Amino acid sequence: NKEVITAYVKQLLRRDAEHAPFRYLAAEYAVKQAVEVIPDDGTSPFTINLGGNIDRMDEKDGTLRIVDYKTGKSIQEARNMEHLFDTTVEHRPYHVFQTFLYATLMSEQCPGKPITPALFYIQKAASADYSPVVKLNKQPVEDFTPLRCEFKPLLDKLLTEVFSPTVRFTQTTVAKHCEYCKYANICGRSQ
């Protein structure tokens, strides 16, 4: 285990050297924001806290980079913005969704600052042509800021649906999503 961890750390340090010079800002940065949910049943809007822990943030040439480290499957690209919200596909790019959510929240804290979402798949870091930059429609997202106006309405729609008293909770139609879910027994799907 020690040798594997040492090899991964060396790969990360090599990647950091390639990205240098940059300013390291934070690790395990807890980002949280109050978000208003407007119910679809005519009741009064209410506020929820939305957030998470950003694995790492650094800054280079005035651009904030949000890095999420991953050890699992490497889905680093979404076909389009709707693809991020489509729960009927087996291989939904939920890692991309996570970085876009963090970028949305950080864009509120750092208005006007370019933000680059990055997914760092440890097992792929040794590849010479590897880039952690997330792609949308085959294009690297070097600055998420212009995409926020497309992502945020879809996020608001999702939150309205999740908290809607008129929309019934239903299980996913993609049973594969339940394979590693720790709540599968609660909703009646065995693991």
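This text follows the structure it describes.
Computed from a predicted structure; not experimentally measured.

A.B. asks: How do you make sense of the overall build of the chain when you look at a structure like this?
C.D. replies: When its secondary structure is counted, the chain shows four helices and seven strands. Judged by the C-alpha coordinates and their principal axes, the chain covers about 55 × 45 × 30 Å. When the 191 residues of the chain are sorted by exposure, 38% land in the buried category. A separation threshold of at least 6 residues defines the contact pool for the chain, and within that pool the share at least 24 residues apart is 63%. In the structure as shown, the chain presents an accessible area of about 11600 Å², 54% of it carried by carbon and sulfur atoms. Charged side chains in the chain number 24 positive and 24 negative. The centres of these two groups are separated by 5 Å.

A.B. asks: Before we go on, may I ask you to explain unusual backbone geometry in this structure?
C.D. replies: Backbone phi values are negative for most residues with the exception of glycine, while trans is the configuration of most peptide bonds. Residue proline 21 is reached from alanine 20 by a cis peptide bond, and omega for that bond is 0°. Along the polypeptide, proline 21 turns up in the loop between helix H1 (2–19) and strand S1 (23–37).

A.B. asks: Quick question: what am I supposed to make of the pairing of strand S5 (residues 115–121) here?
C.D. replies: Regular strands place their side chains on alternate faces of the sheet. Of all seven residues in S5, seven are buried, a share of seventy percent or more. Of the two faces of S5, the one carrying Ile115, Pro117, Leu119 and Tyr121 and the one carrying Thr116, Ala118 and Phe120 are both buried. Here strand S3 (residues 63–70) pairs with S5 via seven bridges, running parallel. Opposite aspartate 68, over in S5, you have leucine 119 as the bridge partner.

A.B. asks: Sorry, what's going on with the pattern of salt bridges here?
C.D. replies: Tallied over the entire structure, the rule returns nine salt bridges. With a closest N to O distance of 2.9 Å, arginine 15 and glutamate 18 form a salt bridge. Within this pair, arginine 15 and its partner glutamate 18 are both found in helix H1, separated by three residues, close to a single helical turn. Judged by its relative accessible area of 11%, arginine 15 falls in the buried class. On the basis of relative accessible area, glutamate 18 is assigned to the exposed category, the value being 53%. For arginine 65, the salt bridge identified is with aspartate 58, shortest N-O distance 2.8 Å. Judged by relative accessible area, which is 0%, aspartate 58 ranks as buried.

A.B. asks: I would appreciate a short explanation of the packing of aromatic side chains in the present structure.
C.D. replies: Each aromatic ring pair is characterised by the separation of its centres together with the angle its planes make. If you walk through the whole model with that rule in mind, you get nine aromatic pairs. For the ring pair phenylalanine 100 and phenylalanine 151, a centre distance of 6.0 Å and an interplane angle of 85° mean the geometry is edge-to-face. Here phenylalanine 151 lies in helix H4 (residues 148–162) and phenylalanine 100 lies in helix H3 (residues 94–109), a separation of 51 residues in the sequence. Classification of phenylalanine 100 as buried rests on a relative accessible area of 0%. Geometrically, the ring pair formed by phenylalanine 120 and tyrosine 130 is edge-to-face, given 5.8 Å between the ring centres and 70° between the ring planes. A residue pair is termed long-range when its members are at least 10 positions apart, and phenylalanine 120 in strand S5 and tyrosine 130 in the loop between S5 and strand S6 (135–136) qualify at ten residues. Relative accessible area serves as the criterion here: at 4%, phenylalanine 120 is assigned to the buried category. Grouping aromatic residues by their ring pairs yields a cluster made of Phe85, Phe97, Phe100, Phe144 and Phe151.

A.B. asks: Help me understand the side chain of glutamate 59 in this model?
C.D. replies: Along the chain, glutamate 59 falls in strand S2 (residues 46–60). The class of glutamate 59 is buried, set by a relative accessible area of 14%. Separated by 2.7 Å, the side chains of glutamate 59 and arginine 23 make a polar contact. One polar contact links glutamate 59 to lysine 113, side chain to side chain, over a distance of 2.5 Å. In contact with glutamate 59, not counting residues within four places along its chain, are Phe22, Arg23, Leu25 and Lys113.

Conventions adopted
Residue positions within a chain follow its written sequence, with the count starting from 1. Thresholds applied to this predicted model are a pLDDT of at least 70 for local features of residues and 80 or more for the giving and counting of side-chain atom pairs; totals over whole chains, interfaces and linings are not thresholded and use all residues. In computing side-chain properties, one takes all heavy atoms of the structure into account and sets aside hydrogens as well as water. Secondary structure follows DSSP: runs of H or I at least 4 residues long count as helices, runs of E at least 2 residues long count as strands, and numbering of each begins at the N terminus. Each residue is placed in one exposure class: buried if its accessible area under a 1.4 Å probe, protein chains only, is under 20% of its type's maximum, exposed if it is over 50%, and partly exposed if it falls in between. Working rule for contacts: check all heavy atoms of both residues, and any pair within 4.5 Å makes them a contact. Shrake-Rupley sampling with a 1.4 Å probe provides the accessible areas, and residues are treated as covered by the protein chains on show and by no other component. His is not counted, nor are the chain ends, whereas Lys and Arg count as positive and Asp and Glu as negative. Taken as the charge centre is NZ of Lys, CZ of Arg, CG of Asp or CD of Glu, depending on the residue. In this description, strands pair whenever DSSP reports at least two bridges between them. Whenever a carboxyl oxygen of Asp or Glu lies within 4 Å of a side-chain nitrogen of Lys or Arg, that contact is scored as a salt bridge. For Phe, Tyr and Trp, rings pair up if their centres lie within 6.5 Å, where Trp contributes its six-membered ring, and each pair is then called stacked (planes under 30 degrees apart), edge-to-face (over 60) or tilted (otherwise). Polar contacts here mean pairs of N or O atoms no more than 3.5 Å apart (in protein, one a potential hydrogen donor and the other a potential acceptor; neighbouring residues in sequence count only if both atoms are side-chain atoms).

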